[in-house]
Amino acid sequence: MFTSFDEMPVTLSVEQAAEALSISTVSLYKLIKKDSTFPAINMGRRIVIPKEILKKWIDCKINK
């Protein structure tokens, strides 16, 4: 899908974020529900994930 971080849109759909994280969309929905620190934003009926905040979230999880 995307070959680099810079190619990604500013916000990712659940499907795009799941693909970037190499997990299923079902797993990502479970993560969003379970982990209140996951950077998901409800925009009406849609959930989006800001790519910059997702990167920071990943970095924070790695550095624990």
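Rules used throughout
- Residues numbered from 1 in each chain as written.
- Predicted model: local features only at pLDDT ≥ 70, side-chain atom pairs only at ≥ 80, totals over all residues.
- Heavy atoms only, no water.
- Helix = DSSP H or I, 4+ residues; strand = E, 2+ residues; numbered from the N terminus.
- Rg over C-alpha atoms; globule rule 2.2 N^0.38 Å.
- Pairing = 2+ DSSP bridges.
- Axes fitted to C-alpha atoms, helices over the stretch in contact; angles between N-to-C directions.
- Contact = heavy atoms within 4.5 Å.

K.L.:
So what exactly am I meant to see when it comes to the overall build of the chain here?
P.N.:
A count of helical and extended segments in the chain gives 3 helices and 3 strands. Reading the chain from its N terminus to its C terminus gives the helix and strand order β-α-α-β-β-α. Rg of the C-alpha trace for the chain: 11 Å, near the compact-globule value of 11 Å for 64 residues, within the 12% margin. Expressed along its principal axes, the backbone C-alpha trace of the chain runs to roughly 30 × 30 × 20 Å.

K.L.:
What's the story with the sheet that holds strand β2 (residues 41–43) in this structure? I'm lost.
P.N.:
The strands that make up a sheet are held in pairs by hydrogen bonds between backbone atoms, and each pair lies either parallel or antiparallel. Sheet architecture is open: 3 strands sit in the order β1-β3-β2, paired in antiparallel fashion. The outermost strands of the open sheet, each flanked by one partner alone, are β1 (11–13) and β2. Ignoring which end each strand starts from, the neighbouring axes of this sheet average 45° apart. Here β1 runs beside strand β3 (residues 46–50); their pairing, made up of 3 bridges, is antiparallel. Residue pairing in the sheet places Ser13 in a bridge with Val48 of β3. Along the sheet, helix α1 (residues 14–21) makes contact with β1 and β3, crossing β1 at roughly 95°. Packing against the sheet, helix α3 (residues 51–62) makes contact with β1 and β3, and its axis sits at approximately 65° to β3.

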